[in-house]
Amino acid sequence: MFRKILIANRGEIALRLARACRDLGIAPVAVFSEADREALHVLRATEAVGIGPAPPRESYLNVERVIAAARQTGAEALHPGYGFLSENPALPAACAAAGIVFIGPPAAAMERLGSKTAARALARSCGVPVVPGTVNGLKSADEARARAAEFGYPVMLKAAAGGGGKGMRLVHRAEDLGPALELAAAEALSAFGDGAVYLEKAVLRPRHVEIQVLADQHGNCIHLGERECSVQRRHQKVIEESPALRLPAGLRERMGAAAVAVCQAAGYVNAGTVEFLLDAENRFYFLEVNTRLQVEHPVTELVTGLDLVQRQIAVAAGEPLDLRQEDVTWRGHAIECRLYAEDPEQNFFPSPGRITRLVTPAGPGLREDSGIYEGWNVPLEYDPLLSKLIAWGEDRAQALARMRRALAEYHIGGIRSNLPLFRRILDDPEFAAGDVDTSYLARLLATAPPALDGNWLRAAALAAAAGAGGNGANGSAASAGGPPASAWRRAAWREEILG
Amino acid sequence: MFRKILIANRGEIALRLARACRDLGIAPVAVFSEADREALHVLRATEAVGIGPAPPRESYLNVERVIAAARQTGAEALHPGYGFLSENPALPAACAAAGIVFIGPPAAAMERLGSKTAARALARSCGVPVVPGTVNGLKSADEARARAAEFGYPVMLKAAAGGGGKGMRLVHRAEDLGPALELAAAEALSAFGDGAVYLEKAVLRPRHVEIQVLADQHGNCIHLGERECSVQRRHQKVIEESPALRLPAGLRERMGAAAVAVCQAAGYVNAGTVEFLLDAENRFYFLEVNTRLQVEHPVTELVTGLDLVQRQIAVAAGEPLDLRQEDVTWRGHAIECRLYAEDPEQNFFPSPGRITRLVTPAGPGLREDSGIYEGWNVPLEYDPLLSKLIAWGEDRAQALARMRRALAEYHIGGIRSNLPLFRRILDDPEFAAGDVDTSYLARLLATAPPALDGNWLRAAALAAAAGAGGNGANGSAASAGGPPASAWRRAAWREEILG
Amino acid sequence: MRRLVAIAGHTFAVELDLASEPPVARLDGEPADADLRRVDARTVSLLVAGRAYTFYLEPGEAPGQLHVGGSAGNASASITDPRRQRREPEGEAGTLRLTAPMAGRVVRWLAAPGDELAAGQAVLVLEAMKMQNEVRSPKAGRLSACLAAAGEAVAPGAALAEIE
Amino acid sequence: MRRLVAIAGHTFAVELDLASEPPVARLDGEPADADLRRVDARTVSLLVAGRAYTFYLEPGEAPGQLHVGGSAGNASASITDPRRQRREPEGEAGTLRLTAPMAGRVVRWLAAPGDELAAGQAVLVLEAMKMQNEVRSPKAGRLSACLAAAGEAVAPGAALAEIE
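Here goes a summary of the coordinates provided.

Procedures and definitions
Residues numbered from 1 in each chain as written. Chains lettered and ligands numbered in written order. Predicted model: local features only at pLDDT ≥ 70, side-chain atom pairs only at ≥ 80, totals over all residues. Heavy atoms only, no water. Pairing = 2+ DSSP bridges. Helix = DSSP H or I, 4+ residues; strand = E, 2+ residues; numbered from the N terminus. Contact = heavy atoms within 4.5 Å. Buried area = accessible area lost by both parts, 1.4 Å probe. Salt bridge = Lys/Arg side-chain N within 4 Å of Asp/Glu carboxyl O. Nonpolar A, V, L, I, M, F, W, Y, C, P; charged D, E, K, R; others polar. Buried < 20%, exposed > 50% of the residue type's maximum accessible area, 1.4 Å probe, protein only. Phe/Tyr/Trp six-rings, centres within 6.5 Å; stacked < 30°, edge-to-face > 60°. Lys NZ or Arg CZ within 6 Å of the ring centre and 35° of its normal.

As a further point, take the sheet that holds strand β3 (residues 24-27) of chain C. Residue and element names in this part refer to chain C. Strand order in the open sheet formed by 9 strands is β4-β3-β2-β1-β9-β8-β7-β6-β5, with antiparallel pairing between adjacent strands. Of all the strands in the sheet, the pair left with one neighbour each is β4 (30-31) and β5 (34-40). For β5 and strand β6 (residues 43-48), the ladder comprises 6 bridges, and the chain directions are antiparallel. What sits directly across from Arg38, in β6, is Val44.

Right, let's get into the interface of chain C and chain B. Counting from both sides, the interface comprises 22 residues of chain C and, opposite them, 16 residues of chain B. Of the roughly 1700 Å² buried between chain C and chain B on both sides combined, carbon and sulfur atoms contribute 55%. Among the residues chain C hides against chain B, the three largest losses belong to Val39, Arg42 and Ala52 of chain C. Together they make up 26% of the total. Linking chain C with chain B are 3 salt bridges. The salt bridge partner of Glu38 of chain B is Arg37 of chain C, with a shortest N-O separation of 3.8 Å. Elements with a contribution of two residues or more to the side of chain C that touches chain B: β5, β6, β7 (51-59) and β8 (65-70) of chain C. If one sorts the elements of the side of chain C that touches chain B by residue count, β7 of chain C sits on top with 6 residues. Tallied by class, the residues present in the side of chain C that touches chain B amount to 10 nonpolar, 6 polar and 6 charged.

Turning to its location among the elements, Asn133 of chain C is positioned in strand β14 (residues 131-136). Residue Asn133 of chain C is classed as buried on the basis of its relative accessible area of 4%. Separated by 29 residues in sequence, Asn133 of chain C and Gly104 of chain C place their C-alpha atoms 9.7 Å apart. Each residue touching Asn133 of chain C, except ones within four places of it in the same chain, is listed here: Arg234, Phe348, Phe349 and Pro350 of chain A together with Leu124, Val125, Leu126 and Ala128 of chain C.

All chains considered together, the criterion is met by 18 aromatic pairs over all chains. Between Tyr373 of chain B and Trp376 of chain B, the aromatic rings sit 6.4 Å apart at their centres with planes inclined by 25 degrees, giving stacked as the arrangement. For Trp376 of chain B, a relative accessible area of 7% gives the class buried. Counting every residue linked through ring pairs, the aromatic cluster contains Tyr60, Phe84 and Tyr382 of chain A. The ring of Phe431 of chain B carries Arg396 of chain B above its face, with NZ or CZ at 4.9 Å from the centroid.

For the rest of this paragraph, the subject is the interface of chain A and chain C. Opposite the 62 residues of chain A that make contact, chain C presents 60 residues. For the pair chain A and chain C, the two sides together bury roughly 5400 Å², of which 64% comes from carbon and sulfur. Summed over the shared surface of chain A and chain C, the number is 1 salt bridge. Its salt-bridge partner being Asp40 of chain C, residue Arg357 of chain A comes within 3.2 Å of it at the nearest N-O pair.

Fair warning: the whole summary comes from geometry, so function is off the table for now.
Here it is in structure tokens:
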């Protein structure tokens, strides 16, 4: 087993990976850009290396600097996390050249599956159904219009190189195709360094269901069941669950077998995810393979009881999988909410800045994978994912109830977050009933949010007046007075460190 | 099912019970003494009632005030938690008189099992082995010396009315018996309002293993497996685990059957725990029954996947158990650390006061049931339990690794806690090997703690100098200067609430 | 202390005597029966007729504004002193300044000076936190000026355009 | 700034230039190669030769003392200015004041004035947070005075007894 692993990422996933290393007795090494010197993944590190300025291309996306950090610290292996360099075959290649083990698939398998068009061809060759679409990146708007006419509208534009909803656009009419292609290509270039975009016939009101796969270097390949990721906004996953909702008997096994077949055909090793669309008749269509750990991997961990990152590391170290397919069991239901620094009341604009208050939930059935702390200044250079809140329950109703409770306990002050959106979704009867497809969230957002409770408003008005009392320019007192406890002031701390 | 439940407790357990209510869609009502107006269980409440001054006898131990709070708020049921009134048959009796459902056993079963001496007689009648000892409370030091001579030293003094290590003393020599009896009786009187103390032959280097039982009103009674509670200090549990260590095949089932037999003989309903001693040959002896939810119930919840409090509520509402014995399955290993406000460097003296800094751990496999927050003034009137940290793993090694990691992330500032003790235990090879009996902790504490790492000390010296720099009377600068981020000050918040 | 508190479309008249022990509150002229505690500088705990509320307060975007957050919701509150002349925010009649909702980089303009805009029409694309976001006009009008160039980095609140 | 920092039985000479950007540190005369950040008033992050440390600082019991806590340990540090005359804590030779380690109530005395005490011998029982705790003499000597009565509530640091 490795003694030291470099974690080539930041934020919540850098912390999650470091925790897995520690749990295995392996020393994790953090890297950071100049914007992240005080980020949580650095404050919690035991070893940390600066790799350059804030712009991702000069630090987290810079293969040479990441490899140099691994060499300098004597790391024997490197984990890329998700995003950044995680799906760039240049990284496993550079690792191999430097004698460092890459914790992920071989470069060849990554290349084979990394292009969505090539992956679709591979799936087709394995007898796995795919949605009709172009095989190669589109050359021009004219070509796009011609192919779209062939498949019939609506069509979906997708970045060939990436995932996460970036570079995706749903287009209903021929006249919208040109501008949409331009936006999608620009986003794809900015996010993945590759502007290639392809086109698919859109499956309407589909569900997004994906299969987690785990393969070792000895030919063993198993699946860990599925995740339902149908709650999306602008093609970005917002909520994920496992098991999927209303899945007919035997479908998990059939989709799992299809996913394993594709991965084996690609010579895949390590953890990967095969994404499918499920139509209203529960027919599944291969979408793409994510050749890395997914953001939403914790829901699978909670229902299977398995630590995916620990198994990624073991597989990369050459160990055979310690599980056969029949050893995998599922218990209960898990749900994840992705907390973003974005303002649901302002069209989900990003909201970087200082977190002046952070109250986190706890108690039975909850897990938080967070990358933030009170006082931290969320930088504007990176993805707005702040934290992942995951709830487990004996069944979906209990998991949802616990998530609802966790969201009620949670508070982030100083920046805006999508916490109110999650409270709204979890209170929505349609969501609780499991009546969800990928258009669900857009439909919910088109309705008016429920009004605030009158008693709550009256109490909030009192609290606001009390809070302003001691502070407004025209306030009647310098502080709110009151009981002895309120005499304790954070303000006093700065002066009182020396007793 | 109930619509509203009064929670007749405080601290972490009041929060844990309120969370279970919320998860079931039931409104919880908090109660608080004057010392607890700003306690976390009140700040997180949606309904809260003051029940009197700080001294427990005038609030949390006052049956009339607790019942009045339930009536006033229209609560249909009452959960006593642990400690305080939870094992006082006057509470279920008063509930019955007021038409409120008591979430716990019937008063008769509580009385039958509440006295340890009566419970021992009942166990004996069920064919369950007990440690030789007196059946009734001791009348005098002379009687104690006579009985001790009969059983042979060492002997154990125990409070007839209570648990939690209060009123317990291990006595090796006849001349120590008189003073020990006095101390034990005084502690028992202060803790339980009953100074009766009895005597048992001490089993040397025994392990403390207990069985969780769940019984409904329809005659169904099952067990949820065992907990190992052998890491104790002064007879107080410090760490609990499930499953127990090195348990021979079939022993869980035999102890479980014995526990169920005792509970059924007592007419027991709701959740209860049957405590056993296990000697070096894995022979088990009945110790006592705790007729309430235990502090350490979360380790059982994590391995069985069942929410004990939710099932307590369902049983109290008259529902039949939704589980048969064969439905109970165990997955992985769980361990709990009880964080106390006490100073391990000062003979574990209690340490109430202001928590000026709180950093809590998170990530895979962790649960925290906490009753504290940064800024709270831990009152000196109550039990020093601050929080329970629980880790789950696929096996014991993984659970221990995760707990070790959680303890490293945890920080409590402003008061002393036993966090350093847990770090020491979790780093101890003897503990990791599972070589633990009830004398383990005393042996560990008799050895010198490991020295601090030299690099850590040098870095800490730099940090201390930097921290003092901006504050000492002779500091060279008003603040530590440095990068822009450090210009952000908590001190500025008070003035800046109004933008 | 008397204050008018405007929150979520409602306005309440609040009278507070924070100097008394415990503090006394009246709401719209009626005693509020509220046990009001300031747990710390930015946290207020209230018990009103048995109901318990904890509010986290944060400074708002403008003077006299507060964000009030809690387990049951979030809202912005405007607090004014009724003894003072109320100043309604007016601005220049008919002219609206489109400002950057956050720090970012202008990617491209989707309209040119002189263009007529519909309410809700996208005016430019701003990139931040790896996302491209369209900034829309809150009202119908004519785009009279573009105040930031494509490629330019802008601070939150910076003026981007004028719409008449 | 020069300071002597005594921590866990070791004393280090620390020189800090916190005004420079980044701050420069020397330890026992050698450059410390430390990237030192004050994350907030009570949190310091250090990178020393690649190793990362985060320290949480709290005021200590006496002037010039700090508690330093982190993932790898906790310790008390005494910080002194070497330019000032060092004052060794002396106290009255031979007489020791036994103080209350925390707030509590004196339950009973286990020794009477005039009694000879062994080092570590229990002198009285103090009750707090539902636990009865024995307060022990840190040295051998004679109990010369009991300064609190049984049943009396005492504050932390209150003098309980004198031992000669």
